[in-house]
Amino acid sequence: MTTGIIIAHRSEAVGHDGFAQLLRAEWTKFRTVRGWVIALGAAALVIVLLSFVSASGSRFSFCPTGPSSCTSRHPAVPTGPGGEPVTDSFMSVHQPLVGNGAVTVRVTSLSGAHTSGSPVGGGPNGTLRPTSQPVLAPWAKAGIIVERDTSQGAAYAAVMVTGAHGVRMQYDYTHDAPGLPGAVAVSSPRWLRLTRIGDIITGYDSTDGSHWSDIGTAQLRGLPSTVQIGLLVASPAYFPSGSNNGYPSMATASFDEISVRGDLPTNSWTGEAIGANAFYPVLPTASSWHRLSRNAFTITGSGDIAPRVGGSIFNGDIGGSILVGAIPGLIVLIVVATLFVTSEYRRGLIRITLTASPRRGRVLAAKAIVIGSVAFAAGLVGTALAEVIAHHVLITNGNYLLPVSGPTEARVIVGTALLLAVAAVLALALGTAFRRSAAAVVTGIVLLVLPFILVYTLPAGDSNWLMRLTPTAAFSVQGTQPSSPLVANAYTVTNGYYPLEPWAGLAVLCGYAAIALGAATWLLRRRDV
Amino acid sequence: MREALHAEWTKLRTLASTSWLLLSTAVFTVGVSAAVVAASSYQPFGYQDTPKLSLTGIDLGQAVVSVLAVLVMSNEYSTGMIRTTLTAMPRRLVVLAAKATLLTGAAVAGGIVAVGGCLLAGRLILPSRGFTVPHGYALLSLAHDATLRAAGGSVLYLVLISLFSLGVATAIRDSATAIGVVLGLLYLFPLLAQVVTDPVWHRHLEQIGPMTAGLAIQATTDLHSLPISPWAGLGVLALWAGAALATGGILLRLRDA
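Fair warning: this is a prediction, and the values are worked out from it, not measured in the lab. Positions within a chain are numbered from 1, following the residues in the order the chain's sequence is written. Chains carry letters from A onward and ligands carry numbers from 1 onward, assigned in written order. This being a predicted model, a pLDDT of at least 70 is required before a residue's local features are given, and a value of 80 or more before pairs of side-chain atoms are given or counted; all residues contribute to the totals for chains, interfaces and linings.

**Some details on the overall build of chain B**
The number of helices and strands found in chain B is 11 helices and 1 strand. Against the 2.2 N^0.38 benchmark of 18 Å for 257 residues, chain B shows a C-alpha radius of gyration of 19 Å, consistent with a compact globule. Projected onto its principal axes, the C-alpha positions of chain B cover 65 × 40 × 30 Å. Scored against the burial criterion, the 257 residues of chain B give a buried share of 53%. Here the contact rule is simple: place C-beta atoms from the backbone, and any two residues whose C-beta atoms are within 7 Å are in contact. When contacts within chain B are restricted to residue pairs at least 6 apart in sequence, those whose partners lie at least 24 apart make up 76%. Put simply, DSSP marks the helices as runs of H or I at least four residues long and the strands as runs of E at least two long, and each gets a number from the N terminus on. The globule rule is 2.2 Å times the number of residues to the power 0.38, and the radius of gyration it is compared with is taken over C-alpha atoms. Counting other C-beta atoms within 10 Å of its own, a residue is labelled buried from 20 upward, exposed at 12 or fewer, and partly exposed in the gap between, with every C-beta atom placed from the backbone.

**Some thoughts on the overall build of chain A**
From N to C terminus, chain A includes 11 helices and 15 strands. Oriented by its inertia axes, the alpha-carbon framework of chain A measures out at about 100 × 45 × 40 Å. For chain A, restricting intrachain contacts to residue pairs at least 6 apart in sequence, the fraction spanning at least 24 positions comes to 77%.

**What to know about the environment of S210(A)**
For S210(A), the position within the fold is in the loop between β8 (200-206) and β9 (213-219). In sequence terms S210(A) and W191(A) are 19 residues apart; their C-alpha atoms lie 9.0 Å from each other.

**Considerations on the pairing of strand β10 (residues 226-234) of chain A**
All names here are of chain A. Of all the 9 residues making up β10, 8 are buried; the element is thus mostly covered by neighbouring parts of the structure. Any two strands with at least two DSSP-identified bridges between them are counted as paired. Taken together, the 8 bridges between strand β1 (residues 86-114) and β10 define a ladder with antiparallel strand orientation. Along β10, the bridge assignment pairs H94 with G230. Of the strand pairs in this sheet, strand β3 (residues 141-147) and β10 are connected by 7 bridges, and their pairing is antiparallel. Its bridge partner being in β10, A142 is matched across the sheet by V233.

**With respect to the pairing of strand β11 (residues 249-263) of chain A**
All names here are of chain A. When β1 meets β11, the two strands line up antiparallel, connected through 13 bridges. Bridging from a neighbouring strand, A113 pairs with M250 of β11. Two strands pair when backbone bridges link them, and β11 and strand β14 (residues 296-301) are joined in this way by 5 bridges, in the antiparallel orientation. In the strand pairing of β14, A251 is matched with G301.

**Considering the interface of chain A and chain B**
Each side of the interface is counted separately: chain A has 43 residues, and chain B has 38 residues. Looking at the side of chain A that touches chain B, the elements that each hand over two or more residues are β2 (127-128), α4 (320-347), α8 (437-448) and α9 (450-457) of chain A. At 14 residues, α4(A) tops the list of elements feeding residues into the side of chain A that touches chain B. Of the residues contributing to the side of chain A that touches chain B, the split by class is 25 nonpolar, 14 polar and 4 charged. In the scheme used here, Gly and all other residues not listed as nonpolar or charged are polar, with Ala, Val, Leu, Ile, Met, Phe, Trp, Tyr, Cys and Pro taken as nonpolar and Asp, Glu, Lys and Arg as charged.

**Some remarks on the packing of helix α6 (residues 360-396) of chain A against helix α11 (residues 502-526) of chain A**
Residues and elements named next belong to chain A. Only the stretch in contact is used when a helix axis is fitted, and all axes are lines through C-alpha atoms; the angle between N-to-C directions ranges over 0 to 180 degrees. The contact between α6 and α11 brings their axes to 9 Å, and the two run at 140 degrees. With respect to α11, the axis of α6 lies oblique. The interaxial crossing formed by α6 with α11 has right-handed handedness. When α6 is examined against α11, the residues R360, G361, L364 and A368 are found in contact with a partner set consisting of L517, A520, T521, L524 and R525. Looking at the contact of α6 with α11 residue by residue, the class counts come to 5 nonpolar, 2 polar and 2 charged. For classification, angles of less than 35 degrees are called roughly parallel, those exceeding 145 degrees roughly antiparallel, those between 65 and 115 degrees roughly perpendicular, and all remaining angles oblique. We call a crossing left-handed when the near helix sits turned anticlockwise from the far one by less than a right angle, and right-handed when that turn is clockwise.

**Examining unusual backbone geometry**
All names here are of chain A. Unlike most non-glycine residues, Y173 shows phi in positive territory, near 70 degrees. Turning to its location among the elements, Y173 is positioned in the loop between β5 (167-171) and β6 (175-178). Given 26 C-beta atoms within 10 Å, Y173 falls into the buried group. Its identity is not glycine, yet R435 carries a phi of approximately 65 degrees, on the positive side. Within the element layout of this structure, R435 appears in the loop between α7 (406-434) and α8. A residue is classified by how many C-beta atoms lie within 10 Å of it, and R435, with 19 of them, is partly exposed.

**Side note on the nonpolar core**
Residue and element names in this part refer to chain A. If you look at the biggest cluster of nonpolar residues, it comprises 253 residues, and the most contacted ones within it are L333, A423, A424 and V425. Residues lining this core come from more than one domain, with at least three contributed by each of domain 1 (2-58 + 317-477 + 493-526) and domain 2 (78-313). When neighbours within four sequence positions are excluded, A423 is seen to be in contact with L330, L333, I334, L448 and L509. A set of buried Ala, Val, Leu, Ile, Met, Phe, Trp, Tyr and Cys residues, joined through C-beta atoms within 7 Å, is what we mean by a nonpolar core. Where each domain starts and ends follows an automatic or database-derived domain assignment.

**Overview of helix α8 (residues 175-195) of chain B**
Residue and element names in this part refer to chain B. Each residue after the first adds 1.5 Å to the expected span of a helix. Over its 21 residues, α8 extends 30 Å from the first C-alpha to the last, a length consistent with the 30 Å expected when each residue adds 1.5 Å. Approximately 30 degrees is the largest bend angle found in α8, and it occurs at L188, with the proline P190 only one to four residues beyond. Here α8 lies mainly inside the structure; 20 of its 21 residues are buried. Bend angle per residue: angle between axes fitted to the 7 residues ending at that residue and the 7 residues starting there.

**What about the environment of G248(B)?**
Residues and elements named next belong to chain B. Note that G248 resides in helix α11 (residues 230-254). We classify G248 as buried; it has 24 C-beta atoms within 10 Å. In sequence terms G248 and T221 are 27 residues apart; their C-alpha atoms lie 37 Å from each other. Discounting chain neighbours no more than four positions away, the residues touching G248 are L96, G167, V168, T170 and A171.

**Details of α8(A)**
Here α8(A) contains 12 residues, and its C-alpha end-to-end distance of 16 Å stays within 8% of the 16 Å for a straight helix at 1.5 Å per residue. In terms of burial, α8(A) is a largely internal element, 12 of the 12 residues being buried. For α8(A), the full list of buried residues reads S437(A), A438(A), A439(A), A440(A), V441(A), V442(A), T443(A), G444(A), I445(A), V446(A), L447(A) and L448(A). Looking at the packing, one finds that the buried side of α8(A) touches α4, α7 and α9 of chain A together with α4 (58-79) and α8 of chain B.

**With respect to the environment of H6(B)**
Within the secondary structure, H6(B) sits in helix α1 (residues 2-14). As for H6(B) and A98(B), which are separated by 92 residues in sequence, their C-alpha atoms are 8.6 Å apart.

**Some remarks on the packing of α4(B) against α8(B)**
Helix-helix packing is described using two parameters, namely the angle between the two axes and the distance between the axes. All names here are of chain B. Packing of α4 against α8 leaves a shortest axis separation of 9 Å and a crossing angle of 150 degrees. The angle between α4 and α8 falls in the class roughly antiparallel. As α4 runs across α8, the sense of the crossing is right-handed. Residues Q62, A63, S66, V67, V70, L71, S74 and S78 of α4 form the contact with α8, whose participating residues are S175, A178, I179, V182, L183 and L186. Among the residues making up the contact of α4 with α8, the classes are represented as 9 nonpolar, 5 polar and no charged.

**A closer look at the confidence of the model for chain B**
With 99% of its residues at a pLDDT of 70 or more, chain B shows a mean pLDDT of 91. Scoring of the predicted complex yields 0.89 for pTM and 0.92 for ipTM. Within a predicted model, pLDDT stands for the predictor's per-residue confidence, ranging from 0 to 100.

As C-alpha cells, then:
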C-alpha cells in the first residue's frame with residue numbers, strides 16, 4: 001500500500017500525469033498486496049481443481065439390456081460419410097439390389113407410443129408422468145431406403161413419411177428436403193418411390209400412386225453395384241415440453257403395394273434391427289416386423305437416422321466441467337476486484353490517490369485495466385489447464401465427448417478468460433459505486449452465479465430468459481454442443497445449449513459492465529471522498 | 001449475557017443497514033418468487049412442486065441474509081469497534097452468543113415476512129398460470145401439512161444460513177472474503193451436483209451441500225426421490241452452521257482482536 005503512495009507522489013512531483021504512470025501506480029498497488037496475488041493464483045487453481053473434481057464424478061455407465069449388461073465405456077458412435085458423428089439405429093426390412101432399379105411402396109398409417117418407464121437421462125426437474133395416450137414423435141420415420149450396406153453410419157438415401165414434418169427425402173444423415181405436407185392416414189395414404197441409376201438416387205412422392213412429384217436427388221459417391229434396399233421405421237426420443245428429459249419411443253407403420261424393379265439376387269425380405277442396443281435410447285424389444293401378404297408389411301421400430309446432438313439422453317458429456325470450475329474462480333475474482341477499490345475507501349487511501357491524479361475517471365479506467373488484465377491472465381491459465389485435464393479425465397472415465405474443433409476449443413478457453421476479466425471489471429465498478437465491499441460482492445455473485453442455480457432448479461424453457469438477460473448469459477461462450485433442426489432434443493441450458501450465440505452472450509455481460517462502469521465514474525466524480 | 005444482548009441489540013438496531021437488509025431480504029425473496037411463478041406454466045407431462053416453486057426466492061434471499069450476518073461481525077473489525085466491544089465484554093464467546101441470538105431473531109422476523117409474501121404470491125399467481133384444481137393443483141395453503149413444513153422450514157433455513165454466515169465471518173473477519181466464502185459454499189454444490197453424472201456422487205454432493213441439503217425442506221411431493229429427507233437436510237445445514245460457529249468461536253478466543 002505504501003508503495004502506491006510513493007509512486008503517486010513521485011509522479012506528481014515530476015509533473016507527470018500520464019496514463020502510463022497511473023497504470024503503473026495501480027499495478028504496483030495490486031501486486032504489493034500479497035493476499036490479492038495469492039487469491040489470483042487461487043482463482044486459477046480452483047478453476048483447475050473443480051473442473052477435475054467434476055470430470056472425475058462424471059463416469060460413464062451404460063446398461064443396454066438391464067443391470068447385468070452395464071459397461072463403463074461408451075459404445076462406438078457411428079460416423080457418417082462426412083466423418084461427423086451420427087445416430088443410425090432403426091428397424092429395417094431389406095434385401096440386396098444389383099445395379100439400377102426402383103422401389104415403390106404405399107404407407108397407410110404411422111402411429112406411435114412412448115415408454116411407460118422412467119425418463120431417460122435422469123435429472124432433478126420434477127417427476128414426469130408419461131401419459132397413456134399415443135404419442136407420435138415429430139421425427140418418427142417410416143419409408144424406403146437405399147443403403148450402401150447395413151452397417152451403422154453407411155451412406156444412404158431415403159424417402160419417408162414423418163410424425164409431424166410431412167414427407168421428407170433425406171440422405172447421408174445431414175441432408176433433408178420436404179415433400180408432401182400433412183400426416184399419413186388410411187384415408188390419405190402416401191406413395192413413396194426411390195430410383196437408383198448408378199450413384200444417383202431420386203425420391204418421389206404421390207397421393208394416388210399415379211401422379212408423382214420429384215422431391216430431390218442425392219448423389220452417393222462411390223456407391224457399389226450391390227446395395228441394400230428396404231423399408232425402414234424409426235422413432236427418436238420424445239421430449240415433453242418443459243422437460244430436460246426424453247423418453248424412448250416407438251412407431252408402427254403399415255406398408256403395402258410394395259414393388260421393386262431391378263435385379264434382386266435373393267428376392268426375399270430380411271428383417272433386422274440396425275444398431276439395436278447401440279448408443280441411442282432405443283427399445284431393445286420394440287423392433288419387430290410382420291409380413292401380412294406378399295407385398296404388405298407392418299413394422300415397428302425405435303431409434304433414429306440423423307446427426308448426433310448433445311444432451312443427457314444421448315449420454316454425451318455436456319461440457320459442464322469447465323463451467324463448474326469457472327464459477328468458484330469467478331467468485332474469488334469478484335472478491336479481489338471489489339477489494340481492489342473498497343480497501344482504498346476503508347483505509348482512506350482513495351484521498352491520496354485522487355489528490356495525486358485528480359482526473360477521477362482516468363483512475364477508475366486504470367484500475368479497470370489492471371484488474372481486467374490480471375483476471376484475464378489467471379482465467380486463461382486456469383481454463384486452459386482445466387480444459388486439458390478435464391478432457392483427459394472424462395475420456396479415461398469412458399465418457400463420450402462430441403468432437404469439438406480447435407477454433408471452438410480456443411473460443412471456450414479465451415472466452416471464459418474474457419468472461420472472468422469483464423466480471424472483475426463489473427465487480428470493480430460495483431465496489432466503486434457502493435464503496436462497501438459486502439454490498440458489491442453480494443451483488444456481483446448474485447448477478448453472475450444465481451441465475452445458473454435458478455436455471456437448474458426451474459422447469460426447462462421457463463427460465464431461458466435468465467440466460468438472455470442477466471450477466472450469466474456470458475457463459476454462452478462455453479457452448480459447444482451441436483444442434484440440428486432434424487433432431488428433436490431438449491435444447492436446454494441443463495443439456496449444454498445456451499439460448500444466445502457465444503459472443504452475443506459475452507456482449508450482454510460487457511453491456512452490464514459498461515453501464516456499471518459509467519455509473520461508477522459518474523458517482524466517483526460527483527461524490528466527495 | 002443480558003448486558004451483552006442489550007449492547008448487541010443497540011448496535012444492531014441503530015445501524016440503518018440492518019432494517020434495509022431485512023427489508024431487502026423480504027423484497028428480493030418475494031420478487032424472485034413472483035417472477036419465477038409468473039414465468040412458469042402448467043405442463044401436462046410434468047408435475048410441479050408448486051409450494052417449492054413459490055419459495056424459489058429463498059435462493060436470493062439467503063444471499064441478503066448472509067450479508068446481514070457477515071456485517072454484524074466484520075463491521076466490528078473494519079471499524080476497529082471490536083477492540084472496544086471486547087474491552088467492555090471480555091468474555092468473547094458471550095459476545096458471539098449474543099450476536100447469534102439477535103441474528104436468529106432478525107432472521108426469523110425477516111424470514112416470516114419473506115416466506116409469507118412468497119406463499120401469497122404463489123396463491124395469487126399460480127392459478128392464472130394453469131396450476132388449477134382441475135389440473136390437480138390445490139390452492140397454496142398453510143393448512144396443508146407439507147406446505148406448512150416447507151414454509152416454516154424455509155424460515156429456519158434462513159436462520160441457519162445467518163448463523164453459518166456469522167460463524168464464517170467470525171473466522172475470516174473481512175466482509176468481502178467472508179461473503180465470497182459463504183456464497184461460494186452455498187452455490188457451488190448445486191452446480192457441481194448438476195454436472196456430475198455419476199449417480200452416487202450426485203446424491204452425495206446433494207446430501208452434503210449446505211444449500212442442496214437444507215432446501216430439501218421445501219419439497220412437498222415425491223419425498224422418496226429426494227437425496228435426503230427434509231428434516232435431515234435441515235440438520236446437515238445445522239451441522240454446517242454449528243461447525244462454522246465453533247470454528248469462529250475458537251478463533252475469536254485464540255486470536256488477538
